[in-house]
Amino acid sequence: MGGATLCVLLLIAGVAGTALGLVSALRANDELETRNAELEAVAGFHASQRSGFDVEAMGLTFRESLIDSRAADGREALRIALGDANFTTATRRTLERHLFERSKLAIDNGVDDQPLVRAELLHALGTTMHDLGSFAPAAGVVERAHGIRSEALGGAHPETLESAALLGRTHLGANDFESAREVFSARADRLERERGADDLQTLRARHDLSVVLFQVGEYQEAVDRDDPILERLVDELGTVDPRTSGVAMNLAACYGRLGRYREAAEMYEDVIGARKRTLGGEDPRTLRAQSNLTSLLSRVVQFDRALSVQDEVLPILRRTRGDDHLDTLSLIHERARSLAQLGRRDDAVAQFREALEGRQRVLGPDNPTTISTLNSLAIALDVAGRFDEAEAQYRDSLVRHRRLFGADHPRTISAGSNYGIGLNDAGRVEEADPYCRASYEFHIDTYGEEDRRSLTPIGNYAVLLMSLGRNDEARPLFVRSYELRKELLGDGHPTTLNGLYNLGNFLLNTGDHGAAAQYCELALAEYRALGEDHIGTLHSLSLVAKLRESQGLLDEAEALWIEALERRSRVMGEEHWLTAQAREGLAALRAHARQ
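Here we summarise the structure given alongside this text. (Residues numbered from 1 in each chain as written. Predicted model: local features only at pLDDT ≥ 70, side-chain atom pairs only at ≥ 80, totals over all residues. Heavy atoms only, no water.)

1. Describing the environment of P410
For clarity, the cut-off: Where helices and strands are cited, they refer to DSSP runs of H or I of at least four residues and of E of at least two residues respectively, numbered from the N terminus. The criterion used for residue contact is that any of the two residues' heavy atoms lie within 4.5 Å.
Among the structural elements, P410 can be located in helix 20 (residues 410-425). With 43 residues separating them in the primary sequence, P410 and R453 have C-alpha atoms 9.8 Å apart. Residues contacting P410, with those up to four places away along its chain left out, are F442 and Y447.

2. Topic: the pattern of salt bridges
Stated formally: The salt bridge definition used is simple: a Lys or Arg side-chain nitrogen within 4 Å of an Asp or Glu carboxyl oxygen.
For the structure on display, the rule yields 48 salt bridges. A salt bridge links R149 to E120; the nearest nitrogen and oxygen atoms lie 2.4 Å apart. Residue R149 is found in helix 7 (residues 135-153), and its partner E120 is found in helix 6 (residues 115-131); the two are separated by 29 residues along the sequence.

3. Notes on the packing of aromatic side chains
To describe a pair of aromatic rings, one takes the distance between the centres and the angle between the planes. For clarity, the cut-off: Ring geometry is summarised as follows: Phe, Tyr and Trp rings, the Trp one being its six-membered ring, pair when their centres sit within 6.5 Å, and such pairs are stacked at plane angles under 30 degrees, edge-to-face over 60 and tilted between the two. The rule is simple: take the accessible area with a 1.4 Å probe, protein chains only, and divide by the maximum for that residue type; under 20% is buried, over 50% is exposed, in between is partly exposed.
Taken as a whole and assessed by the stated rule, the structure comprises eight aromatic pairs. For the ring pair F214 and Y219, a centre distance of 5.5 Å and an interplane angle of 55° mean the geometry is tilted. On the accessibility criterion, F214 (15% relative accessible area) is buried. Residue classification places Y219 among the buried residues on the basis of a relative accessible area of 15%.

4. Quick word on helix 11 (residues 219-237)
Our working rule: In a helix, the anticipated span is given by 1.5 Å times the number of residues less one. One axis is fitted to the seven residues ending at the residue and one to the seven starting there. The bend at that residue is the angle between these axes.
Given a rise of 1.5 Å per residue, 19 residues ought to cover 27 Å, and the 25 Å separating the end C-alpha atoms of helix 11 matches this to within 8%. Taking the largest bend as the criterion, helix 11 deviates by roughly 25°, centred on D226, and proline P228 comes between one and four positions later. For helix 11, the set of buried residues is Y219, A222, V223, D226, I229, L230 and L233. The elements touched by buried residues of helix 11 are helix 10 (200-215), helix 12 (242-257), helix 13 (261-278) and helix 22 (452-467). Directly beyond the C-terminal end of helix 11, a positive phi value near 90° is found at G238.

Here you go:
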């Protein structure tokens, strides 16, 4: 048996022994005078279960110990052979099989005549499993604890409600959003009946439901629920209380998804300030808020600012959590996106590779997050003009999606669409057609066109039809894409404005300048309302400049090209491809004017 294997099994045996020893002690002591004495023992069990567990770190230790167990001259060969082998999942499965299953049996056999003690032990075990990321198995354990407590103590008892909260969180961790929604909703309703709508516990329970709403994309409903909750918590607890900042974090994320970027940024800044004061600058919750802020800043084209925050946070994460911690890898991925947007394409590719390699080590090659990172690397290579390399990654991503989810899963369809977009951009339009068409048809057949999930596939297929020269088919699809976005999202939503821009661009490129004018000009006006340096504004300036040139208004066109160049130079940098595009557009216009 290898050193690493022995190390892990000794750890498992030690913790399992603690569980079995405790249960035996409980069973032997038939003269317990009060339940408090039982629960004191349970608390010791709980602490022994949870103490010091970090399944990602255990997996990495397992890996390094295995390599170190080899003779020095064979270690590098073993390291290469292990490649992206996933020791985190292996460690988690080992814990589930050898520790958690034994603990459940010990609980059932040891305290079968003491249901409330059994419920307490199951709740403790479920908490440990949740904290180690074994969400689906944890749900079954916690559901048993909740059922026992509900029957013995009633649905309104604090311990029953405690188990309900944990059950909701395990469903949420397992991406079982409907079950999480049902549990959280029932718990909130119960608390409201028992304690009142303005009770802090009721408000926190309502917020748990808002977190689920965010996960399923119901952002406005989440905002409608969380806004009054936040106001109440600020009044009762103040702005720096962690419970207040937790609600504010979810609200900020919802604001960002709804295009309310300024409000979102201000709220993230408030949360970061509060957490730095109460928790410190190196607390994981503070760092997570800063990471979320960088994602938002990237969406509003403040890439320099995003990169600045990422450069502040990443060394702290590397030092305190390690290079292969999931929070570190997540920020590396976000930093890669910032670098890509700033035109530092080779640096972005390197960072995406680091994130991918780390996630493959920690999560495994077929984990959804790993596959998403692989797709990001493919896009980065594509944008960097390295489509030959990108295509291999696109294909690998598609194969992994099919293996993990099946050919007809939405994620697989999306991966195929990304490959199709890359093929289209590379000029291989005929090859792109089946992928983009499959995505379009899947979303229309599955969800219908009047569903938010169908908006992007409709727009992408319209672009492909234009590339194929099938403009008679493309035009009504561009129009319908814009109309659906207005109907489902509202006039000023960024996704709606993207549809507006695309429609104007299509009409301009196909020579219908009269029809194009209203859409191009409206796109620029609407994007300016979001910010003079918004990415949509930067694109729309050049769109209207081309429109003015087609109308023979060369002086107006020149002024717009100059503004586009100045803004892109300041926001994106002199070397960014968007800046170069504006420079070339201005030069072409001036050459045209001299003729």
